[in-house]
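# Structure assessment
Residue-level listing of the chains:
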Amino acid sequence: MSKDSIHVVMVPWLAFGHLSPFLQLSIALAKEGVHVSFISTPRNIKRLPKVPANLAPLVNLVEFPLPSLNNNLLPADAEATLDLPTDKVQYLTVAYDLLQEPIRHFITRERPDWIIVDFSPYWMAEIARDLDIPMIQFSMFTAAALQFFGQLDSGNDEIQKESKPLHELLLSPPKCGDFQSTVAYRKYEVAELFATIAAENASGKSSLEREGIVGNASRAMVLRTCTEFESEYLVQPRNYTKPLIPVGLLLPDELPMEERNLAQEPWQKISKWLNEQKPRSVVFVGFGSECRFSKTQVYEIANGIQLSGLPFMWILQKPRWALNDIDALPSGFGAATDGRGLVHIGWAPQKEILAHPAIGGSLFHAGWGSAIETLQYGHVLVVLPFVFDQGLNARMLVEKGVAVEVKRNEEDGSFSGNDVALSLREAMVLEEGEELRARARKAVAIFGDRKLQDSYVKNFVEYLKNYRGTTSV
(Lines give C-alpha, C1' and ligand atoms only; values in the text may rest on other atoms or scores of the structure.)
Protein backbone atom coordinates (compact mmCIF):
# COMPACT_ATOMS: atom_id res chain seq x y z
CA MET A 1 0.00 0.00 0.00
CA SER A 2 1.49 3.34 -1.06
CA LYS A 3 2.03 6.09 1.47
CA ASP A 4 -0.52 8.26 -0.38
CA SER A 5 -3.33 5.70 -0.06
CA ILE A 6 -5.82 5.70 2.78
CA HIS A 7 -6.61 2.58 4.82
CA VAL A 8 -9.82 2.48 6.85
CA VAL A 9 -11.02 -0.25 9.23
CA MET A 10 -14.80 -0.67 9.53
CA VAL A 11 -16.31 -2.07 12.75
CA PRO A 12 -20.11 -2.44 12.42
CA TRP A 13 -22.58 -3.88 14.91
CA LEU A 14 -24.01 -7.37 14.22
CA ALA A 15 -27.34 -6.30 12.69
CA PHE A 16 -27.97 -6.22 8.97
CA GLY A 17 -29.50 -2.77 9.24
CA HIS A 18 -25.95 -1.73 10.25
CA LEU A 19 -23.81 -4.25 8.34
CA SER A 20 -25.35 -3.33 4.98
CA PRO A 21 -24.80 0.46 5.21
CA PHE A 22 -21.25 -0.14 6.46
CA LEU A 23 -20.60 -2.36 3.44
CA GLN A 24 -22.17 0.22 1.12
CA LEU A 25 -19.90 2.91 2.58
CA SER A 26 -16.93 0.54 2.20
CA ILE A 27 -17.72 0.02 -1.49
CA ALA A 28 -18.25 3.75 -2.03
CA LEU A 29 -14.87 4.52 -0.45
CA ALA A 30 -13.19 1.79 -2.50
CA LYS A 31 -14.47 3.45 -5.68
CA GLU A 32 -12.44 6.49 -4.61
CA GLY A 33 -9.31 4.38 -4.11
CA VAL A 34 -9.56 3.92 -0.34
CA HIS A 35 -8.44 0.57 1.08
CA VAL A 36 -11.03 -0.85 3.47
CA SER A 37 -10.85 -3.66 6.03
CA PHE A 38 -14.43 -4.65 6.88
CA ILE A 39 -14.66 -6.63 10.12
CA SER A 40 -17.45 -9.05 10.97
CA THR A 41 -18.14 -12.71 11.62
CA PRO A 42 -17.97 -15.51 9.01
CA ARG A 43 -21.70 -16.17 8.66
CA ASN A 44 -22.55 -12.47 8.43
CA ILE A 45 -19.97 -11.87 5.72
CA LYS A 46 -21.33 -14.82 3.73
CA ARG A 47 -24.84 -13.32 3.91
CA LEU A 48 -23.82 -9.86 2.68
CA PRO A 49 -23.96 -8.91 -1.01
CA LYS A 50 -20.81 -9.60 -2.99
CA VAL A 51 -18.29 -6.81 -3.38
CA PRO A 52 -18.00 -5.91 -7.11
CA ALA A 53 -15.10 -7.86 -8.63
CA ASN A 54 -13.25 -4.73 -9.74
CA LEU A 55 -13.27 -3.40 -6.15
CA ALA A 56 -12.46 -6.67 -4.38
CA PRO A 57 -8.70 -5.87 -4.16
CA LEU A 58 -9.58 -2.74 -2.15
CA VAL A 59 -12.16 -4.27 0.20
CA ASN A 60 -10.76 -6.84 2.60
CA LEU A 61 -13.55 -8.79 4.31
CA VAL A 62 -12.02 -9.77 7.65
CA GLU A 63 -13.68 -12.68 9.43
CA PHE A 64 -13.45 -13.13 13.20
CA PRO A 65 -15.36 -16.12 14.59
CA LEU A 66 -17.91 -15.03 17.19
CA PRO A 67 -16.77 -16.32 20.61
CA SER A 68 -19.05 -18.89 22.20
CA LEU A 69 -20.70 -18.32 25.58
CA ASN A 70 -21.13 -20.70 28.50
CA ASN A 71 -24.46 -22.37 29.31
CA ASN A 72 -25.57 -22.32 25.66
CA LEU A 73 -26.74 -18.73 26.00
CA LEU A 74 -26.18 -18.21 22.27
CA PRO A 75 -27.02 -20.76 19.55
CA ALA A 76 -23.97 -21.80 17.53
CA ASP A 77 -25.23 -20.28 14.28
CA ALA A 78 -26.48 -16.99 15.78
CA GLU A 79 -24.22 -14.19 14.55
CA ALA A 80 -26.71 -11.37 13.93
CA THR A 81 -29.76 -9.91 15.62
CA LEU A 82 -32.08 -11.46 13.03
CA ASP A 83 -30.99 -14.93 14.21
CA LEU A 84 -32.36 -14.36 17.70
CA PRO A 85 -35.54 -13.43 19.59
CA THR A 86 -35.34 -9.95 21.07
CA ASP A 87 -34.63 -11.10 24.63
CA LYS A 88 -31.52 -13.03 23.46
CA VAL A 89 -29.84 -10.13 21.64
CA GLN A 90 -28.15 -9.08 24.89
CA TYR A 91 -26.07 -12.30 24.73
CA LEU A 92 -25.04 -11.48 21.18
CA THR A 93 -23.70 -8.22 22.61
CA VAL A 94 -21.73 -10.14 25.23
CA ALA A 95 -20.12 -12.31 22.53
CA TYR A 96 -19.47 -9.26 20.35
CA ASP A 97 -17.58 -7.58 23.18
CA LEU A 98 -15.29 -10.62 23.35
CA LEU A 99 -14.01 -9.69 19.87
CA GLN A 100 -12.19 -6.74 21.45
CA GLU A 101 -8.80 -8.44 21.75
CA PRO A 102 -8.72 -10.11 18.28
CA ILE A 103 -9.69 -6.77 16.74
CA ARG A 104 -7.05 -4.95 18.80
CA HIS A 105 -4.37 -7.35 17.49
CA PHE A 106 -5.57 -6.87 13.91
CA ILE A 107 -5.54 -3.06 14.12
CA THR A 108 -2.16 -3.08 15.88
CA ARG A 109 -0.74 -5.09 12.99
CA GLU A 110 -2.45 -3.15 10.18
CA ARG A 111 -2.05 0.39 11.56
CA PRO A 112 -4.87 1.93 9.49
CA ASP A 113 -5.21 5.67 8.96
CA TRP A 114 -8.76 5.72 10.33
CA ILE A 115 -11.22 3.52 12.21
CA ILE A 116 -14.93 3.93 11.39
CA VAL A 117 -17.17 2.44 14.06
CA ASP A 118 -20.78 1.78 14.92
CA PHE A 119 -22.46 2.76 18.19
CA SER A 120 -21.95 -0.59 19.95
CA PRO A 121 -18.17 -1.33 20.14
CA TYR A 122 -17.43 1.17 22.91
CA TRP A 123 -14.12 -0.60 23.53
CA MET A 124 -12.87 0.72 20.19
CA ALA A 125 -12.43 4.09 21.94
CA GLU A 126 -9.66 2.64 24.10
CA ILE A 127 -8.05 0.81 21.16
CA ALA A 128 -8.03 3.97 19.03
CA ARG A 129 -6.60 6.02 21.88
CA ASP A 130 -3.88 3.46 22.75
CA LEU A 131 -2.77 3.18 19.12
CA ASP A 132 -3.21 6.90 18.37
CA ILE A 133 -5.50 6.22 15.40
CA PRO A 134 -8.34 8.69 14.74
CA MET A 135 -11.86 7.29 14.95
CA ILE A 136 -15.11 8.32 13.26
CA GLN A 137 -18.62 7.21 14.20
CA PHE A 138 -20.91 6.16 11.35
CA SER A 139 -24.43 6.75 12.67
CA MET A 140 -27.46 4.93 11.26
CA PHE A 141 -29.67 7.88 12.26
CA THR A 142 -31.16 10.42 9.93
CA ALA A 143 -30.14 14.00 10.71
CA ALA A 144 -33.67 14.53 12.05
CA ALA A 145 -33.31 11.66 14.53
CA LEU A 146 -29.88 12.92 15.57
CA GLN A 147 -31.34 16.35 16.31
CA PHE A 148 -34.11 14.73 18.32
CA PHE A 149 -31.69 12.76 20.51
CA GLY A 150 -29.55 15.87 20.88
CA GLN A 151 -32.15 17.40 23.20
CA LEU A 152 -31.89 14.47 25.63
CA ASP A 153 -28.33 15.13 26.83
CA SER A 154 -28.64 16.01 30.51
CA GLY A 155 -24.93 16.86 30.65
CA ASN A 156 -25.40 19.85 28.38
CA ASP A 157 -25.77 23.11 30.41
CA GLU A 158 -27.93 24.82 27.80
CA ILE A 159 -30.32 21.88 27.73
CA GLN A 160 -30.46 21.69 31.52
CA LYS A 161 -31.69 25.31 31.72
CA GLU A 162 -34.82 24.38 29.79
CA SER A 163 -35.07 20.88 31.18
CA LYS A 164 -38.29 18.88 31.05
CA PRO A 165 -38.96 15.42 32.44
CA LEU A 166 -37.49 12.81 30.11
CA HIS A 167 -40.89 11.43 29.08
CA GLU A 168 -41.90 14.94 27.96
CA LEU A 169 -38.71 15.38 25.96
CA LEU A 170 -39.35 12.09 24.16
CA LEU A 171 -42.74 13.43 23.08
CA SER A 172 -41.35 16.84 22.08
CA PRO A 173 -39.88 17.75 18.66
CA PRO A 174 -36.35 19.22 18.67
CA LYS A 175 -35.74 22.95 18.27
CA CYS A 176 -34.20 23.70 14.88
CA GLY A 177 -34.10 27.48 14.66
CA ASP A 178 -37.21 28.87 12.99
CA PHE A 179 -38.11 25.48 11.51
CA GLN A 180 -41.04 23.78 13.26
CA SER A 181 -40.18 20.10 13.45
CA THR A 182 -42.79 17.36 14.01
CA VAL A 183 -40.22 14.64 14.73
CA ALA A 184 -40.97 13.04 18.11
CA TYR A 185 -42.10 9.78 19.63
CA ARG A 186 -45.67 8.77 20.32
CA LYS A 187 -46.73 7.65 23.80
CA TYR A 188 -46.89 3.99 22.82
CA GLU A 189 -43.31 4.06 21.49
CA VAL A 190 -41.62 5.41 24.61
CA ALA A 191 -41.69 2.25 26.78
CA GLU A 192 -40.17 0.12 24.01
CA LEU A 193 -37.50 2.76 23.41
CA PHE A 194 -36.36 2.56 27.05
CA ALA A 195 -36.30 -1.24 26.88
CA THR A 196 -34.17 -1.07 23.75
CA ILE A 197 -31.56 1.56 24.55
CA ALA A 198 -31.47 2.36 28.25
CA ALA A 199 -32.22 -0.89 30.05
CA GLU A 200 -29.50 -2.93 31.71
CA ASN A 201 -28.44 -6.04 29.86
CA ALA A 202 -26.08 -8.99 30.27
CA SER A 203 -23.17 -7.06 28.75
CA GLY A 204 -23.19 -4.47 31.54
CA LYS A 205 -23.42 -1.55 29.10
CA SER A 206 -26.68 -0.17 27.68
CA SER A 207 -26.93 1.00 24.07
CA LEU A 208 -27.13 4.58 25.36
CA GLU A 209 -23.87 4.22 27.29
CA ARG A 210 -22.14 2.65 24.31
CA GLU A 211 -23.28 5.44 22.01
CA GLY A 212 -22.01 8.05 24.45
CA ILE A 213 -18.53 6.54 24.77
CA VAL A 214 -18.15 6.11 21.00
CA GLY A 215 -19.41 9.64 20.29
CA ASN A 216 -17.06 11.24 22.80
CA ALA A 217 -14.05 9.39 21.42
CA SER A 218 -14.79 10.08 17.75
CA ARG A 219 -13.28 12.92 15.73
CA ALA A 220 -16.47 13.32 13.69
CA MET A 221 -19.79 11.70 12.91
CA VAL A 222 -20.78 10.49 9.45
CA LEU A 223 -24.47 10.37 8.49
CA ARG A 224 -26.13 8.63 5.55
CA THR A 225 -27.99 11.69 4.31
CA CYS A 226 -27.65 14.81 2.17
CA THR A 227 -28.40 18.52 2.51
CA GLU A 228 -30.81 18.41 -0.44
CA PHE A 229 -33.23 16.37 1.69
CA GLU A 230 -32.39 17.24 5.32
CA SER A 231 -30.83 20.70 5.24
CA GLU A 232 -32.94 22.01 8.15
CA TYR A 233 -31.70 19.15 10.37
CA LEU A 234 -28.06 19.21 9.28
CA VAL A 235 -27.11 21.81 11.85
CA GLN A 236 -24.90 21.10 14.83
CA PRO A 237 -26.86 19.22 17.53
CA ARG A 238 -26.61 20.94 20.89
CA ASN A 239 -24.91 17.93 22.48
CA TYR A 240 -22.34 17.37 19.70
CA THR A 241 -19.51 19.79 18.96
CA LYS A 242 -17.55 17.75 16.41
CA PRO A 243 -17.85 17.78 12.62
CA LEU A 244 -21.09 16.33 11.26
CA ILE A 245 -20.39 14.93 7.79
CA PRO A 246 -23.17 13.87 5.39
CA VAL A 247 -21.81 11.08 3.24
CA GLY A 248 -24.74 10.96 0.82
CA LEU A 249 -27.41 8.29 0.53
CA LEU A 250 -24.99 5.51 -0.52
CA LEU A 251 -27.17 4.30 -3.37
CA PRO A 252 -26.75 0.59 -4.11
CA ASP A 253 -25.30 -0.26 -7.49
CA GLU A 254 -27.51 -1.85 -10.12
CA LEU A 255 -26.88 -5.57 -10.35
CA PRO A 256 -25.29 -6.99 -13.51
CA MET A 257 -27.88 -8.87 -15.61
CA GLU A 258 -26.35 -12.25 -14.77
CA GLU A 259 -26.78 -11.60 -11.03
CA ARG A 260 -30.41 -10.50 -11.14
CA ASN A 261 -32.80 -12.87 -9.40
CA LEU A 262 -36.15 -11.97 -10.96
CA ALA A 263 -35.06 -13.41 -14.30
CA GLN A 264 -34.30 -16.77 -12.68
CA GLU A 265 -36.20 -19.54 -10.92
CA PRO A 266 -37.94 -19.44 -8.46
CA TRP A 267 -38.59 -15.71 -8.96
CA GLN A 268 -39.99 -15.87 -12.49
CA LYS A 269 -43.54 -16.19 -11.15
CA ILE A 270 -43.17 -12.84 -9.36
CA SER A 271 -41.58 -11.25 -12.44
CA LYS A 272 -44.31 -12.56 -14.76
CA TRP A 273 -47.08 -11.30 -12.48
CA LEU A 274 -45.48 -7.85 -12.13
CA ASN A 275 -45.08 -7.61 -15.90
CA GLU A 276 -48.85 -8.08 -16.26
CA GLN A 277 -49.71 -5.14 -13.95
CA LYS A 278 -50.26 -1.50 -14.91
CA PRO A 279 -47.39 0.95 -14.26
CA ARG A 280 -47.26 2.28 -10.67
CA SER A 281 -50.38 0.31 -9.69
CA VAL A 282 -48.90 -2.22 -7.26
CA VAL A 283 -48.13 -1.58 -3.61
CA PHE A 284 -45.05 -3.38 -2.30
CA VAL A 285 -45.42 -4.62 1.28
CA GLY A 286 -42.28 -5.54 3.18
CA PHE A 287 -41.05 -5.09 6.76
CA GLY A 288 -37.63 -6.69 6.50
CA SER A 289 -36.28 -9.67 8.36
CA GLU A 290 -36.10 -8.21 11.89
CA CYS A 291 -39.68 -7.03 12.50
CA ARG A 292 -41.19 -9.26 15.23
CA PHE A 293 -44.91 -9.13 14.49
CA SER A 294 -47.62 -10.48 16.73
CA LYS A 295 -50.33 -12.57 15.09
CA THR A 296 -52.80 -9.70 15.55
CA GLN A 297 -50.47 -7.28 13.75
CA VAL A 298 -49.91 -9.58 10.76
CA TYR A 299 -53.60 -10.34 10.48
CA GLU A 300 -54.57 -6.65 10.63
CA ILE A 301 -52.02 -5.82 7.91
CA ALA A 302 -53.49 -8.64 5.82
CA ASN A 303 -57.01 -7.33 6.50
CA GLY A 304 -55.92 -3.84 5.41
CA ILE A 305 -54.39 -5.12 2.18
CA GLN A 306 -57.58 -7.04 1.46
CA LEU A 307 -59.86 -4.06 2.23
CA SER A 308 -57.77 -1.66 0.13
CA GLY A 309 -58.67 -3.43 -3.10
CA LEU A 310 -55.20 -2.63 -4.47
CA PRO A 311 -52.82 -4.91 -6.35
CA PHE A 312 -50.00 -5.91 -3.98
CA MET A 313 -46.71 -7.77 -3.67
CA TRP A 314 -46.13 -8.84 -0.04
CA ILE A 315 -42.78 -10.22 1.13
CA LEU A 316 -43.49 -11.72 4.56
CA GLN A 317 -40.90 -13.28 6.83
CA LYS A 318 -42.47 -16.30 8.51
CA PRO A 319 -43.30 -15.23 12.09
CA ARG A 320 -41.92 -17.35 14.94
CA TRP A 321 -45.45 -18.08 16.14
CA ALA A 322 -46.58 -19.50 12.78
CA LEU A 323 -46.74 -23.31 12.61
CA ASN A 324 -46.29 -23.16 8.83
CA ASP A 325 -46.63 -20.75 5.89
CA ILE A 326 -50.40 -21.19 5.79
CA ASP A 327 -50.72 -20.32 9.49
CA ALA A 328 -48.84 -17.04 8.89
CA LEU A 329 -51.91 -15.50 7.19
CA PRO A 330 -55.56 -15.29 8.21
CA SER A 331 -57.92 -17.93 6.89
CA GLY A 332 -59.56 -16.85 3.65
CA PHE A 333 -57.00 -14.16 2.79
CA GLY A 334 -55.61 -16.08 -0.18
CA ALA A 335 -59.05 -16.74 -1.70
CA ALA A 336 -60.20 -13.15 -1.10
CA THR A 337 -57.16 -11.65 -2.87
CA ASP A 338 -56.60 -14.34 -5.52
CA GLY A 339 -55.34 -12.80 -8.74
CA ARG A 340 -54.97 -9.35 -7.17
CA GLY A 341 -51.68 -9.92 -5.43
CA LEU A 342 -48.88 -12.24 -4.41
CA VAL A 343 -47.53 -13.23 -1.01
CA HIS A 344 -44.03 -14.66 -0.78
CA ILE A 345 -42.93 -16.15 2.55
CA GLY A 346 -39.22 -15.69 3.19
CA TRP A 347 -36.41 -13.77 1.52
CA ALA A 348 -36.98 -12.12 -1.86
CA PRO A 349 -34.95 -9.70 -4.03
CA GLN A 350 -36.57 -6.54 -2.63
CA LYS A 351 -34.38 -4.05 -4.51
CA GLU A 352 -35.19 -5.66 -7.85
CA ILE A 353 -38.90 -5.73 -7.06
CA LEU A 354 -38.90 -2.05 -6.06
CA ALA A 355 -37.18 -1.21 -9.36
CA HIS A 356 -40.01 -2.79 -11.38
CA PRO A 357 -42.20 -0.19 -13.17
CA ALA A 358 -45.39 -1.83 -11.85
CA ILE A 359 -44.58 -0.78 -8.27
CA GLY A 360 -46.06 2.56 -7.24
CA GLY A 361 -45.87 2.57 -3.45
CA SER A 362 -44.53 0.75 -0.43
CA LEU A 363 -46.00 -0.19 2.96
CA PHE A 364 -43.04 -0.64 5.30
CA HIS A 365 -41.55 0.09 8.75
CA ALA A 366 -39.91 3.45 7.90
CA GLY A 367 -36.38 2.08 8.21
CA TRP A 368 -34.08 4.68 6.63
CA GLY A 369 -32.30 2.24 4.32
CA SER A 370 -35.61 0.97 2.93
CA ALA A 371 -36.89 4.53 2.53
CA ILE A 372 -33.83 5.38 0.41
CA GLU A 373 -34.28 2.27 -1.75
CA THR A 374 -37.96 3.13 -2.31
CA LEU A 375 -37.65 6.89 -2.96
CA GLN A 376 -34.86 6.13 -5.42
CA TYR A 377 -37.69 5.06 -7.76
CA GLY A 378 -40.18 7.76 -6.76
CA HIS A 379 -42.61 5.43 -4.97
CA VAL A 380 -45.00 6.90 -2.44
CA LEU A 381 -44.54 5.66 1.15
CA VAL A 382 -47.02 4.25 3.65
CA VAL A 383 -45.23 3.98 6.98
CA LEU A 384 -46.04 1.70 9.91
CA PRO A 385 -43.06 2.01 12.30
CA PHE A 386 -42.31 -0.51 15.05
CA VAL A 387 -38.92 -0.10 16.73
CA PHE A 388 -36.31 2.42 17.87
CA ASP A 389 -35.78 5.25 15.34
CA GLN A 390 -38.45 4.10 12.88
CA GLY A 391 -41.09 6.32 14.50
CA LEU A 392 -38.83 9.37 14.14
CA ASN A 393 -38.13 8.48 10.50
CA ALA A 394 -41.86 8.09 9.85
CA ARG A 395 -42.64 11.56 11.18
CA MET A 396 -39.79 13.09 9.15
CA LEU A 397 -40.98 11.40 5.92
CA VAL A 398 -44.55 12.59 6.54
CA GLU A 399 -43.19 16.07 7.29
CA LYS A 400 -41.39 15.99 3.91
CA GLY A 401 -44.66 15.18 2.17
CA VAL A 402 -43.60 11.83 0.68
CA ALA A 403 -45.35 9.51 3.15
CA VAL A 404 -48.60 8.86 4.98
CA GLU A 405 -48.46 7.16 8.40
CA VAL A 406 -50.98 4.51 9.40
CA LYS A 407 -53.15 5.79 12.24
CA ARG A 408 -52.63 4.00 15.58
CA ASN A 409 -54.01 4.05 19.09
CA GLU A 410 -51.94 6.63 20.99
CA GLU A 411 -51.87 4.59 24.20
CA ASP A 412 -51.04 1.05 23.06
CA GLY A 413 -50.02 1.45 19.40
CA SER A 414 -52.69 -0.90 18.09
CA PHE A 415 -54.04 -0.42 14.57
CA SER A 416 -56.82 -1.91 12.51
CA GLY A 417 -57.04 -3.27 9.01
CA ASN A 418 -59.29 -0.37 8.18
CA ASP A 419 -56.54 2.08 9.26
CA VAL A 420 -54.09 0.29 6.95
CA ALA A 421 -56.55 0.26 4.04
CA LEU A 422 -57.35 3.98 4.36
CA SER A 423 -53.64 4.91 4.30
CA LEU A 424 -52.92 2.63 1.33
CA ARG A 425 -55.78 4.08 -0.70
CA GLU A 426 -54.83 7.67 0.13
CA ALA A 427 -51.27 7.05 -0.96
CA MET A 428 -52.00 5.04 -4.08
CA VAL A 429 -55.28 6.10 -5.67
CA LEU A 430 -57.37 8.74 -3.88
CA GLU A 431 -57.43 12.29 -5.21
CA GLU A 432 -56.35 13.66 -1.82
CA GLY A 433 -53.06 11.79 -2.22
CA GLU A 434 -52.16 13.23 -5.61
CA GLU A 435 -49.76 15.83 -4.19
CA LEU A 436 -48.17 13.11 -2.07
CA ARG A 437 -47.55 10.97 -5.15
CA ALA A 438 -46.20 13.95 -7.08
CA ARG A 439 -43.69 14.81 -4.33
CA ALA A 440 -42.54 11.19 -4.14
CA ARG A 441 -41.91 11.20 -7.89
CA LYS A 442 -39.97 14.47 -7.60
CA ALA A 443 -37.79 12.93 -4.87
CA VAL A 444 -36.05 10.91 -7.59
CA ALA A 445 -34.14 14.09 -8.43
CA ILE A 446 -32.36 13.63 -5.07
CA PHE A 447 -32.62 9.93 -4.27
CA GLY A 448 -31.90 8.79 -7.81
CA ASP A 449 -29.07 11.20 -8.61
CA ARG A 450 -26.00 9.01 -8.35
CA LYS A 451 -23.60 11.78 -9.36
CA LEU A 452 -24.94 14.04 -6.60
CA GLN A 453 -24.72 11.33 -3.96
CA ASP A 454 -21.25 10.24 -5.05
CA SER A 455 -20.03 13.83 -4.61
CA TYR A 456 -20.62 13.51 -0.85
CA VAL A 457 -18.36 10.45 -0.72
CA LYS A 458 -15.65 12.35 -2.60
CA ASN A 459 -15.84 15.17 -0.06
CA PHE A 460 -15.59 12.66 2.78
CA VAL A 461 -12.49 11.09 1.21
CA GLU A 462 -10.90 14.55 1.07
CA TYR A 463 -11.62 14.91 4.79
CA LEU A 464 -9.96 11.54 5.46
CA LYS A 465 -6.88 12.60 3.48
CA ASN A 466 -6.61 16.05 5.00
CA TYR A 467 -6.95 15.04 8.64
CA ARG A 468 -5.26 11.65 8.89
CA GLY A 469 -2.43 11.54 11.37
CA THR A 470 -3.67 14.66 13.19
CA THR A 471 -4.36 14.68 16.91
CA SER A 472 -7.42 16.88 16.56
CA VAL A 473 -9.82 18.16 13.92
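Our subject is the structure listed above.
Residues numbered from 1 in each chain as written. Predicted model: local features only at pLDDT ≥ 70, side-chain atom pairs only at ≥ 80, totals over all residues. Heavy atoms only, no water.

What follows concerns the overall build of the protein chain. What the protein chain contains, in helices and strands, is 21 helices and 15 strands. For the protein chain, the share of sequence-separated contacts (at least 6 apart) that also reach a separation of at least 24 residues comes to 68%. Of the accessible surface of the protein chain, which amounts to about 21100 Å², a share of 51% is contributed by carbon and sulfur atoms. With 47 positive and 57 negative side-chain charges, the protein chain shows a spacing of 2 Å between the two charge centroids. (Helix = DSSP H or I, 4+ residues; strand = E, 2+ residues; numbered from the N terminus. Contact = heavy atoms within 4.5 Å. Areas by Shrake-Rupley, 256 points an atom, 1.4 Å probe, with all protein chains shown as cover. Lys, Arg positive; Asp, Glu negative; His and termini not counted. Charge placed at Lys NZ, Arg CZ, Asp CG, Glu CD.)

Glancing now at the side chain of histidine 7. Mapping histidine 7 onto the fold places it in strand 1 (residues 7–11). Residue classification places histidine 7 among the buried residues on the basis of a relative accessible area of 4%. Polar side-chain contacts of histidine 7 include one of 2.8 Å to the side chain of serine 37. (Buried < 20%, exposed > 50% of the residue type's maximum accessible area, 1.4 Å probe, protein only. Polar contact = N/O pair within 3.5 Å; in protein donor to acceptor, adjacent residues only side chain to side chain.)

Moving on: helix 10 (residues 207–217). Since there are 3.6 residues in each turn of an α-helix, residues three or four apart along the chain are aligned in direction. When we look at burial in helix 10, the residues that qualify are Arg210, Val214 and Gly215. Projection of helix 10 onto a plane perpendicular to its axis shows the buried side chains occupying an angular sector of 125°, all on one side. Looking at the buried positions of helix 10, the neighbouring elements they touch are helix 3 (89–97), strand 4 (114–117) and strand 5 (135–139). (Arc of directions from axis to C-beta.)

The seven strands are arranged 3-2-1-4-5-8-9 in an open sheet whose pairing can be described as parallel. Unpaired on one side and paired on the other, strand 3 (59–63) and strand 9 (244–246) mark the two borders of the sheet. Strand-to-strand, the axes of this sheet are offset by a mean angle of 25°, without reference to chain direction. Bridge count for strand 5 against strand 8 (residues 220–223) is four bridges, and the pairing is parallel. (Pairing = 2+ DSSP bridges. Axes fitted to C-alpha atoms, helices over the stretch in contact; angles between N-to-C directions.)

On to empty space enclosed by the protein. Per the counting criterion, the structure on display carries two cavities of 30 Å³ or more. Approximately 40 Å³ is the volume found for the largest cavity. Lining the largest cavity, in full, are Val11, Pro12, Leu14, Ile39, Ser40, Tyr96, Leu99 and Ile103. Grouping the constituent residues of the lining of the largest cavity by class yields seven nonpolar, one polar and no charged. For the second largest cavity, the calculated volume is near 30 Å³. Lining the second largest cavity we find Phe284, Gly286, Gln350, Leu354, Ser362, Phe364, His365, Ser370 and Thr374. Put simply, the parts of the chain that give the lining of the second largest cavity at least two residues each are strand 10 (282–286), helix 15 (350–354), strand 13 (359–364) and helix 16 (368–375). (1 Å grid on protein atoms, 1.4 Å probe; cavity = no way out; pocket = protein on both sides within 12 Å on 5 of 7 lines; lining within 4 Å. Points joined across faces, edges and corners; volume = space filled by probe spheres on them. Nonpolar A, V, L, I, M, F, W, Y, C, P; charged D, E, K, R; others polar.)

Strand order in the open sheet formed by six strands is 12-11-10-13-14-15, and the pairing between neighbours is parallel. Only two strands of the sheet have a single partner each, and these edge strands are strand 12 (341–345) and strand 15 (403–405). Ignoring which end each strand starts from, the neighbouring axes of this sheet average 15° apart. Pairing between strand 10 and strand 11 (residues 312–316): four bridges, direction parallel. Paired with phenylalanine 284 across the bridge in strand 11 is methionine 313. Contacting strand 10, strand 13, strand 14 (380–383) and strand 15, helix 18 (residues 417–428) runs over the sheet at an angle of about 170° to strand 14.

Here we take up the layout of surface pockets. Considered as a void within the structure, the second largest pocket measures approximately 350 Å³ in volume. What lines the second largest pocket is a set of 17 residues, and nearest its centre among them are Ser289, Cys291, Gln317, Lys318 and Pro319. Per-class residue counts for the lining of the second largest pocket are 10 nonpolar, four polar and three charged.

What follows deals with helix 5 (residues 124–131). Among all positions of helix 5, only Met124, Ala125, Ile127, Ala128 and Leu131 are buried. Seen from one end, helix 5 has its buried residues packed into an arc of 165°, which puts them on one side. Contacts from the buried residues of helix 5 go to strand 1, helix 4 (100–110), strand 4, strand 5 and helix 10. Aspartate 132 sits one or two positions beyond helix 5 and adopts a positive phi of about 55°.

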